[in-house]
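Report on the structure
What follows is the residue order along each chain.
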Amino acid sequence: MVDSIEGAVGIYLASFVIAVISGAFPLVNAEVYLVGIVVASRVPWPSLIVLAVLIACGQMVTRSLLFQAARGVAKAGGKRRAKLEARIARARARVARWGNKRSALLGASAVLGLPPFLLTCLAAGALDISYRTFVSVGLGGRVVRFTGLALIASIAS
């Protein structure tokens, strides 16, 4: 894959940075980047896992910030406060009926991208899903997603 430690650190750092950017700007696609790196450089499988975990962590950094921003907006005041509170209260009531299915939906979104994980992050923050649950389920799902993509790309190339 690379000839030196500097080259290895470079590819890992670049992957992390791309993932952080892709977490906020969906037009920068971490999946396409990962598959391209795997196919172009014939990455050995242990490095595939490291890249997948780094990309998952990079995306979760940004998604955690979005989660916290949505949580802050949901608790913010302003002119439209009453209308926003009513909507959030209805959504929270619906989500509360799901019970443990909330984590399943969050995990499915993290792994499959349906519903889009970006939107799920915002909804989770606004609907008071625990931050610990969000990070653990989201990161686990993202690691599964990126590891699977990397392994499939490696086998296919």
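All values reported here derive from a predicted model rather than from experimental measurement. Each chain carries its own residue numbering, running from 1 in the direction its sequence is written. Given that this is a predicted model, residues contribute local features only at a pLDDT of at least 70 and side-chain atom pairs are listed and counted only at 80 or more, while totals for whole chains, interfaces and linings are drawn from all residues. Side-chain descriptors were evaluated using all non-hydrogen atoms of the structure, hydrogens and water having been removed beforehand.

Quick notes on the packing of helix 3 (residues 45–75) against helix 7 (residues 131–156)
Here the axes come from fitting lines to C-alpha atoms, over the contacting stretch only for helices, and the angles between their N-to-C directions go from 0 to 180 degrees. Each helix corresponds to a stretch of at least 4 residues labelled H or I by DSSP, and each strand to a stretch of at least 2 residues labelled E; elements are numbered beginning at the N terminus. Running from N to C, helix 3 and helix 7 point in directions that differ by 145°, and their axes come no closer than 8 Å. Of the two elements, helix 3 crosses helix 7, and the hand of that crossing is right-handed. Under the scheme applied here, ten amino acids are nonpolar (Ala, Val, Leu, Ile, Met, Phe, Trp, Tyr, Cys and Pro), four are charged (Asp, Glu, Lys and Arg), and all others, including Gly, are polar. The residue makeup of the contact of helix 3 with helix 7, split by class, is 17 nonpolar, 6 polar and 3 charged. Take the far helix as the reference: if the near one is turned anticlockwise from it by less than a right angle, the crossing is left-handed, and if turned clockwise, right-handed.

A short note on a nonpolar patch on the surface
Here the term patch refers to residues with relative accessible area over 30% and no salt bridge, with like charges joined within 9 Å and nonpolar side chains (Val, Leu, Ile, Met, Phe, Trp, Tyr) within 5 Å. For the accessible areas, the method is Shrake-Rupley and the probe is 1.4 Å, while residue cover comes only from the protein chains on display. Whenever a carboxyl oxygen of Asp or Glu lies within 4 Å of a side-chain nitrogen of Lys or Arg, that contact is scored as a salt bridge. Judged by side-chain polarity, Val9, Leu13, Val17, Ile21, Phe25 and Val28 come together as a nonpolar surface patch covering roughly 510 Å² of accessible area. Take Val28: it is sitting in the loop between helix 1 (5–24) and helix 2 (30–41). Residue exposure (1.4 Å probe, protein chains only): buried if accessible area is under 20% of the type maximum, exposed if over 50%, otherwise partly exposed. Overall, the relative accessible area of 31% leaves Val28 in the partly exposed class.

Side note on the pattern of salt bridges
Overall, the coordinates contain 2 salt bridges when judged by the stated rule. Of the charged contacts in the structure, one is a salt bridge between Glu31 and Arg145, with a shortest N-O distance of 2.7 Å. Taken as a pair, Glu31 in helix 2 and Arg145 in helix 7 lie far apart in primary sequence, 114 residues in all. On the basis of relative accessibility, which here comes to 16%, the residue Glu31 falls in the buried class. Note that Asp128 and Arg71 form a salt bridge whose closest N and O atoms lie 3.7 Å from each other. Here the residue Asp128 occupies a position in the loop between helix 6 (117–126) and helix 7, and Arg71 occupies one in helix 3, the gap between them amounting to 57 residues.

What about the environment of Ser136?
Residue placement: Ser136 occurs in helix 7. With 33 residues separating them in the primary sequence, Ser136 and Ser103 have C-alpha atoms 9.8 Å apart.

Observations concerning the packing of aromatic side chains
Two aromatic rings, taken as a pair, are described by how far apart their centres are and by the angle between their planes. A pair of aromatic rings is counted whenever rings of Phe, Tyr or Trp (Trp by its six-membered ring) have centres within 6.5 Å, and the orientation is called stacked for planes under 30 degrees apart, edge-to-face for over 60 and tilted otherwise. Within this structure, the stated rule accounts for 3 aromatic pairs. Between Phe67 and Tyr131 the ring centres are 5.5 Å apart and the planes differ by 45°, which places this aromatic pair in the tilted class. A residue pair is termed long-range when its members are at least 10 positions apart, and Phe67 in helix 3 and Tyr131 in helix 7 qualify at 64 residues. Between the aromatic rings of Phe117 and Phe134, the centroid separation amounts to 6.3 Å while the plane-to-plane angle is 10°, which identifies the pairing as stacked. Placement of Phe117 in helix 6 and of Phe134 in helix 7 is noted, with a sequence separation of 17 residues between them. On the basis of relative accessible area, Phe134 is assigned to the buried category, the value being 0%. Among the aromatic residues, ring-to-ring pairing joins Phe67, Phe117, Tyr131 and Phe134 into one connected group.

A word on the environment of Leu139
The topology assignment puts Leu139 in helix 7. It is 9.6 Å that separates the C-alpha atoms of Leu139 and Val61, two residues lying 78 residues apart in sequence.

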